[in-house]
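Structure at a glance
Take a look at the letters that make up each chain.
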Amino acid sequence: KAGVTQTPRYLIKTRGQQVTLSCSPISGHRSVSWYQQTPGQGLQFLFEYFSETQRNKGNFPGRFSGRQFSNSRSEMNVSTLELGDSALYLCASSLDGTSSYEQYFGPGTRLTVT
Amino acid sequence: AQSVTQLDSHVSVSEGTPVLLRCNYSSSYSPSLFWYVQHPNKGLQLLLKYTSAATLVKGINGFEAEFKKSETSFHLTKPSAHMSDAAEYFCVVYAGNNRKLIWGLGTSLAVNP
């Protein structure tokens, strides 16, 4: 089975711009979670989607949003980028709601905001 | 509320010596606990998990962890370190009431030849 894929792998944006990141989960997995990883804060949970519905949300501002499509692929969007948004964004998929704690991670998208 | 504390931000060992990465947790519920590993420029990988079965859990690559409820700990160990074990390790608690994973800040393991 193919693993979780994320595109693009690297991205450089300017303050004020917006960005869209994509995640394709493992085939058959219906839950997709997004995390922001920074050296000082560790992994911070952004949100989780399950069957096209946002089921869980972390403590991030409304500039961070996401969605999930019928094929379970997910996108996250960050609008009005700030320097502090520079981070590694990780996507994780899991089989279903009851085992959502056992997650499989993609390699991440490294976002740099200048 | 659930929380997890990794007691060492950085651990350095010599190849062939034991590894101990410490993790304490706090949970109002019976927790599920995990260790993940992140090698440089690679994604996170599940090392092992505790989900209320045996308290001594064996994982991949010779790692194991013991759940100690009385000490609220879930330390990760390996009898003999290998150079390939150099990575970042994360202890995670699953907050079952709101289906969130709570992550520790990580422990960077260096293995010296």
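Heads up: the structure comes first, above all this text.
Conventions we followed
Here the residue numbers are simple positions, counted from 1 along each chain's written sequence. Just so you know, chain letters begin at A and ligand numbers begin at 1, following the order they were written in. Predicted model: local features are reported for residues with pLDDT of at least 70 only, side-chain atom pairs are reported and counted for 80 or more only, and whole-chain, interface and lining totals are derived from all residues. The basis for every side-chain value is the complete set of heavy atoms in the structure, and neither hydrogens nor water enter the calculation. Counting from the N terminus, the helices are DSSP H or I runs at least four residues long and the strands are E runs at least two residues long. Radius of gyration here is computed from C-alpha atoms only, and the compact-globule reference equals 2.2 Å multiplied by the residue count raised to the power 0.38. Burial classes follow relative accessibility: with a 1.4 Å probe on protein chains only, a residue under 20% of its type's maximum area counts as buried, one over 50% as exposed, and anything between as partly exposed. By the convention used here, residues are in contact when the closest approach between their heavy atoms is within 4.5 Å. For every accessible area listed, the method is Shrake-Rupley and the probe measures 1.4 Å; residues are considered covered only by the protein chains on display. Positive residues here are Lys and Arg, negative ones are Asp and Glu, while His and the chain termini are left out of the count. In this description, the location of a charge corresponds to atom NZ of lysine, CZ of arginine, CG of aspartate or CD of glutamate. Two strands pair if DSSP finds at least two bridges between them. For helices, the fitted line uses only the C-alpha atoms of the stretch in contact; every axis is such a line through C-alpha atoms, and the angle between N-to-C directions lies from 0 to 180 degrees. Accessible-area loss on putting two parts together, using a 1.4 Å probe and summing over both, is the definition of buried area adopted here. Any carboxyl oxygen of Asp or Glu that lies within 4 Å of a side-chain nitrogen of Lys or Arg is treated as forming a salt bridge with it. Two aromatic rings from Phe, Tyr or Trp, using only the six-membered ring of Trp, form a pair when their centres are within 6.5 Å; if the ring planes differ by under 30 degrees the pair is stacked, by over 60 it is edge-to-face, and anything between is tilted. Our definition puts a charge over a ring when NZ of Lys or CZ of Arg is within 6 Å of the ring centre and also within 35 degrees of the ring normal. Here, the term disulfide refers to a pair of cysteine sulfur atoms separated by no more than 2.5 Å.

Counting its regular elements, chain B contains zero helices and twelve strands. Compactness check: chain B gives a C-alpha radius of gyration of 13 Å against a globular reference of 13 Å for 113 residues, within 12% of the reference. Summarising its shape, the C-alpha atoms of chain B cover approximately 45 × 25 × 20 Å along the three principal directions. Put simply, chain B has 113 residues, and 43% of those count as buried. The long-range share in chain B, meaning contacts at least 24 apart out of those at least 6 apart in sequence, stands at 55%. Working note: accessible area of chain B is about 5,400 Å², and carbon and sulfur atoms make up 50% of it. Of note, chain B has its 9 positive side-chain charges centred 11 Å away from the centre of its 7 negative side-chain charges.

This part takes up the side chain of Lys78(B). Tracing the backbone through its elements, the reader meets Lys78(B) in strand S9 (residues 73-78). Lys78(B) gets classed as buried once you look at its relative accessible area, which sits at 10%.

Residue and element names in this part refer to chain A. Strands sit in the order S1-S3-S8-S7 across an open sheet of four strands; the sheet is antiparallel. The open sheet has two edge strands with one neighbour each: strand S1 (5-7) and strand S7 (64-68). Shown here is a sheet whose adjacent strand axes are inclined to one another by a mean of 20°, direction ignored. Judged from the five bridges that link them, S7 and strand S8 (residues 74-78) form a sheet pairing that is antiparallel. Looking across to S8, one finds that Arg67 is bridged to Glu75.

Our next topic: the interface of chain A and chain B. Put simply, an interface is often sized by how much accessible area is lost when its parts join up. Contact with chain A, which involves 23 residues of that partner, is made by 17 residues of chain B. With both sides pooled, the region where chain A packs onto chain B buries about 1,600 Å², and carbon together with sulfur makes up 54% of that total. Its largest share of buried area at the contact with chain B, chain A owes to Leu43(A), Tyr101(A) and Phe105(A), together 36% of the area lost on that side. At the boundary of chain A and chain B, one finds one salt bridge.

In this structure the tally under the stated criterion is 13 aromatic pairs over all chains. Measuring from ring centre to ring centre gives 5.6 Å for Phe105(A) and Tyr36(B), while their planes differ by 85°; the resulting arrangement is edge-to-face. Placement of the pair is Phe105(A) in strand S10 (residues 104-105) and Tyr36(B) in strand S5 (residues 32-38), with the two residues belonging to separate chains. Pair check on accessibility: Phe105(A) and Tyr36(B) agree, each one buried. An angle of 25° between the planes, with centres 5.8 Å apart, marks the rings of Tyr25(B) and Phe67(B) as stacked. Of the two residues, Tyr25(B) is situated in strand S4 (residues 23-26) and Phe67(B) in strand S8 (residues 64-68); the sequence distance between them amounts to 42 residues. With respect to class, Tyr25(B) is no different from Phe67(B); both count as buried. Here the guanidinium or amino end of Arg55(A) rests over the ring plane of Phe50(A), the centre of that ring lying 4.4 Å away.

Let us now look at the state of the cysteines. All names here are of chain A. Throughout the structure, instances matching the rule amount to two disulfides over all chains. The partner cysteine of Cys23 in its disulfide is Cys91, sulfur to sulfur 1.7 Å. On the sign convention where negative is left-handed, the bridge of Cys23 and Cys91, at about -50° about the S-S bond, is left-handed. One end of the pair, Cys23, is in strand S3 (residues 19-24); the other, Cys91, is in strand S9 (residues 87-94), with 68 residues separating them in the sequence. On the basis of relative accessible area, Cys23 is assigned to the buried category, the value being 0%.

The next point concerns the pattern of salt bridges. Residues and elements named next belong to chain A. Counted according to the given criterion, the structure contains nine salt bridges over all chains. Measuring nitrogen to oxygen at the nearest pair gives 3.3 Å for the salt bridge that ties Glu75 to Arg73. You can call Arg73 partly exposed: its relative accessible area is 24%. What you see here is one network of salt bridges that share partners, running through Arg63, Glu82 and Asp85.

All right, on to the environment of Leu48(B) then. Residue and element names in this part refer to chain B. Along the polypeptide, Leu48 turns up in strand S6 (residues 44-50). Taking the C-alpha atoms as reference points, Leu48 and Ala81, 33 residues apart in sequence, are found 17 Å from one another. If near-sequence neighbours (up to four positions away) are discounted, Leu48 is found in contact with Leu33, Phe34, Trp35, Val57, Lys58, Gly59, Phe63, Glu64, Ala65, Phe74 and Leu76.

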